[in-house]
Amino acid sequence: MTETDETVGPASGPAAAYATAAPGSPLVVLERVNKHFGSLHVLQDIDLTVARGEVVVVIGPSGSGKSTLCRAINRLEPIDSGSITVDGKELPEEGKALAQLRAEVGMVFQQFNLFAHKSILENVTLGPIKVKGVRPAEAKEQAMALLERVGVANQAEKYPAQLSGGQQQRVAIARALAMQPKVMLFDEPTSALDPEMINEVLDVMTSLAREGMTMIVVTHEMGFARRAANRVVFMDAGQVVEENAPEEFFGAPRSDRAKDFLSKLLTH
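Cut-offs and rules
Residues numbered from 1 in each chain as written. Predicted model: local features only at pLDDT ≥ 70, side-chain atom pairs only at ≥ 80, totals over all residues. Heavy atoms only, no water. Buried < 20%, exposed > 50% of the residue type's maximum accessible area, 1.4 Å probe, protein only. Helix = DSSP H or I, 4+ residues; strand = E, 2+ residues; numbered from the N terminus. Pairing = 2+ DSSP bridges. Phe/Tyr/Trp six-rings, centres within 6.5 Å; stacked < 30°, edge-to-face > 60°. Contact = heavy atoms within 4.5 Å.

1. Some details on the pairing of strand 9 (residues 231-236)
Of all 6 residues making up strand 9, 6 are buried, and the element is well covered by its neighbours. By the alternation rule, side chains of strand 9 split into R231, V233 and M235 and V232, F234 and D236, which are all buried. With 4 bridges connecting them, strand 3 (residues 55-59) and strand 9 associate as parallel partners. The residue bridging I59 from the neighbouring strand is F234, located in strand 9. Sheet analysis places strand 9 next to strand 10 (residues 239-244), joined by 5 bridges and oriented antiparallel.

2. Topic: the packing of aromatic side chains
Tallied over the full model, the rule gives 3 aromatic pairs. Taking the centre distance of 6.1 Å and the plane angle of 35° together, the rings of F234 and F249 count as tilted. A residue pair is termed long-range when its members are at least 10 positions apart, and F234 in strand 9 and F249 in helix 8 (residues 246-251) qualify at 15 residues. Note on accessibility: F234 and F249 belong to one class, buried. Centroid distance F249 to F250: 5.3 Å. Interplanar angle 80°. Geometry classified as edge-to-face. We note that F249, like F250, is buried.

3. Let's talk about helix 3 (residues 120-130)
Taken residue by residue, helix 3 has I120, L121, N123, V124, T125, G127 and P128 as its buried positions. Looking at the buried residues of helix 3, the elements they touch are helix 4 (136-149) and helix 5 (165-177).

What follows is the structure in structure tokens.
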């Protein structure tokens, strides 16, 4: 795991428009959220509030519930009890209201999930045209600006299979941004990538964070957590065990479970 010292400029470009006013007010709120897979209690009374413009990095051992938490926020995983609200609205169960909410909650997965039979440009314009009714010419202009933003504008006419994994994941980020989401969810966005491609994706995510995008990131990349997070949330066995600012969490973890996790993960 590597840390880079790249310098990203101040808020600019398409993503800067997504940073909303009134930073610090709650945007995503989970209250006593529970989720079972059969007899396995994967989320246990989760309470978590993410403010506008905040970057929350969720870490923990495999099987701790991190990805389930991330997927529950846009109802890819339905919850058993509790409540999840995004910008003051509780998650609808189905139908057009759920589709509208998902348009406001961008998601980037471990696997890129691009449409193989569509060009890179078509992948990015499809959502705005079909879901939001954006005119094709306007959608194309916005998509090209976003592809430029993530460094793959010169690949716009190619197909996903012609791109590297790192390039495909950057396209996936652009595709999510094209919907102008209020919050971005990242579920292990670099774990399927070769080591040399990881930083090119993390660099895009770091610059998004600095531009004020609200982000919830599930990752094993501790360098990114140190560099870009406002808060680190440590999960274990379906529970939020500890949360703190990165410097406090990595410098002086309070719980034995976090100390044990970090001792196995970090080399000093």
